[in-house]
Amino acid sequence: MSLNLYEASIPVFVRMLGNLSSILDKAVIYAETKNIDPAILVNARLAPDMYPLSRQVQIATDMVKGCAARLAGVDVPSYEDNEATFADLQARIAKTVAFLQSVSAEQINGSEGRTVTLKLRGREIQFLGQPYLLDFVLPNLYFHVTTTYAILRHNGVEIGKMDYLGAY
């Protein structure tokens, strides 16, 4: 059996957001244990010119909700991007997972050739559905989840590769 676009997207998105949620849970426990203001971690970044952890989570969720909606031919849910706490970020992840789970295989499959148009940095770029998922969305999702992981690990949160990969 061949892999279809739904299987290559929605279950992968849900799994990675679940792993991201678990990593954020560990950050909360770490902050409590070490008596660190959680806002320090939420606003932490790896370099001065990089986005903070909160924005990394926002972008990861934006990537997957946008992809699911565009491939399914439905409106992309709009979020305010005002998350300032771990609880806010967890709520955003949960809201995104709920949206992803509302999209059916029938809506996604067959969208490999659908034209997806994005506005990036003041210009429009176009993808076909399959390259949009495989060459743009998945690398962006993994980048922003990895960066969130790296920010927390850099700040002492005791997480490892299996936290990123999740349980099998």
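Structural data are supplied above this passage.
So, a few notes on the structure that sits alongside this text. (Residues numbered from 1 in each chain as written. Predicted model: local features only at pLDDT ≥ 70, side-chain atom pairs only at ≥ 80, totals over all residues. Heavy atoms only, no water.)

Turning to the pairing of strand β2 (residues 123-128), a few remarks are in order. Pairing analysis gives six bridges linking strand β1 (residues 115-120) to β2, with the strands arranged antiparallel. In the strand pairing of β2, Leu-118 is matched with Ile-125. Joining the antiparallel neighbours β1 and β2 is a turn of two residues, in which Arg-121 adopts a positive phi near 50 degrees. (Pairing = 2+ DSSP bridges. Helix = DSSP H or I, 4+ residues; strand = E, 2+ residues; numbered from the N terminus.)

Moving on: helix α3 (residues 53-72). Owing to its 3.6 residues per turn, the α-helix aligns residues three or four sequence positions apart on the same side. Here α3 contains 20 residues, and its C-alpha end-to-end distance of 29 Å stays within 8% of the 28 Å for a straight helix at 1.5 Å per residue. Gly-73, located one to two residues past α3, shows a positive phi value of around 75 degrees. (Expected span 1.5 Å × (residues − 1).)

Turning to the layout of surface pockets, a few remarks are in order. Leftover empty space is mapped by rolling, across the atoms, a probe with the size of a water molecule. Estimated volume of the largest pocket: approximately 610 Å³. Ile-59, Met-63, Leu-120, Phe-136 and Asn-140 are the residues nearest the centre of the largest pocket, which is lined by 19 residues in total. Put simply, the parts of the chain that give the lining of the largest pocket at least two residues each are α3, β1, β2 and α6 (129-154). Element by element, the count of residues in the lining of the largest pocket is highest for α3, at seven residues. Considering only residue class, the lining of the largest pocket consists of nine nonpolar, three polar and seven charged. (1 Å grid on protein atoms, 1.4 Å probe; cavity = no way out; pocket = protein on both sides within 12 Å on 5 of 7 lines; lining within 4 Å. Points joined across faces, edges and corners; volume = space filled by probe spheres on them. Nonpolar A, V, L, I, M, F, W, Y, C, P; charged D, E, K, R; others polar.)

This part covers the pattern of salt bridges. Taken as a whole, this structure holds six salt bridges when the rule is applied. One salt bridge connects Arg-55 with Asp-81, and the closest N-O pair in it is separated by 3.6 Å. Separated by 26 residues along the polypeptide, Arg-55 in helix α3 and Asp-81 in the loop between α3 and α4 (86-102) bring together distant segments of the chain. Judged by relative accessible area, which is 24%, Arg-55 ranks as partly exposed. Taking the relative accessible area as the measure of exposure, Asp-81 reaches 32% and is therefore partly exposed. Among the ionic pairs, Arg-92 bridges to Asp-62, the shortest N-O distance being 2.5 Å. A residue pair is termed long-range when its members are at least 10 positions apart, and Arg-92 in helix α4 and Asp-62 in helix α3 qualify at 30 residues. A single salt-bridge network, built from bridges that share partners, covers Arg-55, Asp-62, Lys-65, Asp-81, Glu-83 and Arg-92. (Salt bridge = Lys/Arg side-chain N within 4 Å of Asp/Glu carboxyl O. Buried < 20%, exposed > 50% of the residue type's maximum accessible area, 1.4 Å probe, protein only.)

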